[in-house]
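# Structure at a glance
Single-letter residue listing:
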Amino acid sequence: MSSCCTLPVEVRIKDLIRIGVVDEFEKDEPPKNVAKRLQKEGIVERFNQKSGIFTLARMSNDDCLYLDRKSRLCTIYDKRPDTCRNHPKVGPRPGYCAYKPKPPAR
Ligand code: SF4
């Protein structure tokens, strides 16, 4: 099992607003346009129009783009998406993303 911070993180527009990469007023824009901009900026990898769910971009090693490479801590912990808040693997202590290297592919 891998942990949340190396998995594709699905977020909604309100998460992106909380993180601060989307402006409050952009909520009224077609999400498709917002997604386009975020994709260009390398923040979002995918957008599902039907569900309105964005997938956060990851680094080349599959780390979440908000995971600090050295400390393995979430750099936006206080503003982290709901998905991360609800993920059973977040913790065991605040600010700490339970990181485990990916198991070898089977
Ligand atoms: S807790 Fe932070 S580093 Fe971990 S997946 Fe969520 S946003 Fe990324």
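Before any of the text, the structure's been laid out above.
Keep in mind the model is a prediction, meaning the values are calculated, not measured.

The next subject is the overall build of the protein. Summing up its helical and strand segments, the protein has 3 helices and 3 strands in all. By the burial criterion, 39% of the 106 residues in the protein qualify as buried. Considering only intrachain contacts with a sequence separation of at least 6, the fraction spanning at least 24 residues in the protein is 44%. Accessible surface computed for the protein: about 6,800 Å², of which carbon and sulfur atoms make up 52%.

Here we come to helix α2 (residues 31–40). Buried within α2 are the following residues: V34, A35 and L38. Along the axis of α2, the buried positions cluster into a sector of 100 degrees, meaning they face one direction only. The exposed set on the far side of α2, more than 90 degrees from its buried face, consists of K36 and K40. As for α2, its buried residues are in contact with α1 (13–19), β2 (44–48) and β3 (53–56). Where α2 terminates, the next one or two residues include G42, which has phi positive at roughly 75 degrees.

If the charged atoms of two oppositely charged side chains come close together, the side chains can form a pair. Applying the stated criterion across every chain, the model contains 10 salt bridges. The salt bridge partner of D82 is R18, with a shortest N-O separation of 3.0 Å. Here the residue D82 occupies a position in helix α3 (residues 82–86), and R18 occupies one in helix α1, the gap between them amounting to 64 residues. The network of salt bridges with shared partners includes K14, D15, R18, D82 and R85.

Among the nonpolar cores identified, the biggest contains 23 residues, and L16, V21, L38, F54, L56 and Y66 are the most heavily contacted of them. Those elements giving two or more residues to this core turn out to be α1, α2, β2 and β3. Other than its neighbours up to four places away in sequence, V21 contacts L16, E26, R37, L38, I43 and Y66.

Before going further, it helps to spend a moment on the pairing of β3. Residues of β3 alternate between two faces, with I53 and T55 on one and F54 and L56 on the opposite face, all of them buried. Strand direction decides the pairing type here: strand β1 (residues 10–11) and β3, joined by 2 bridges, are antiparallel. Residue E10 lies in a different strand from β3, and its bridge partner there is T55. The pairing of β2 with β3 spans 4 bridges and is antiparallel. Residue pairing in the sheet places F47 in a bridge with F54 of β3. Here β2 folds back onto β3 in antiparallel fashion, the turn holding 4 residues, of which G52 has a positive phi close to 75 degrees.

One open sheet accounts for 3 strands, arranged β1-β3-β2; its pairing is antiparallel. Every other strand in the sheet has two partners, leaving β1 and β2 as the edge strands with one partner each. Running over the sheet, α2 touches β2 and β3 and is turned about 165 degrees from β2.

Definitions and cut-offs
Residues numbered from 1 in each chain as written. Predicted model: local features only at pLDDT ≥ 70, side-chain atom pairs only at ≥ 80, totals over all residues. Heavy atoms only, no water. Helix = DSSP H or I, 4+ residues; strand = E, 2+ residues; numbered from the N terminus. Buried < 20%, exposed > 50% of the residue type's maximum accessible area, 1.4 Å probe, protein only. Contact = heavy atoms within 4.5 Å. Areas by Shrake-Rupley, 256 points an atom, 1.4 Å probe, with all protein chains shown as cover. Arc of directions from axis to C-beta. Salt bridge = Lys/Arg side-chain N within 4 Å of Asp/Glu carboxyl O. Core = buried A, V, L, I, M, F, W, Y, C linked by side-chain atoms within 4.5 Å. Pairing = 2+ DSSP bridges. Axes fitted to C-alpha atoms, helices over the stretch in contact; angles between N-to-C directions.

Note that all results are geometric; they support no functional claim without further evidence.
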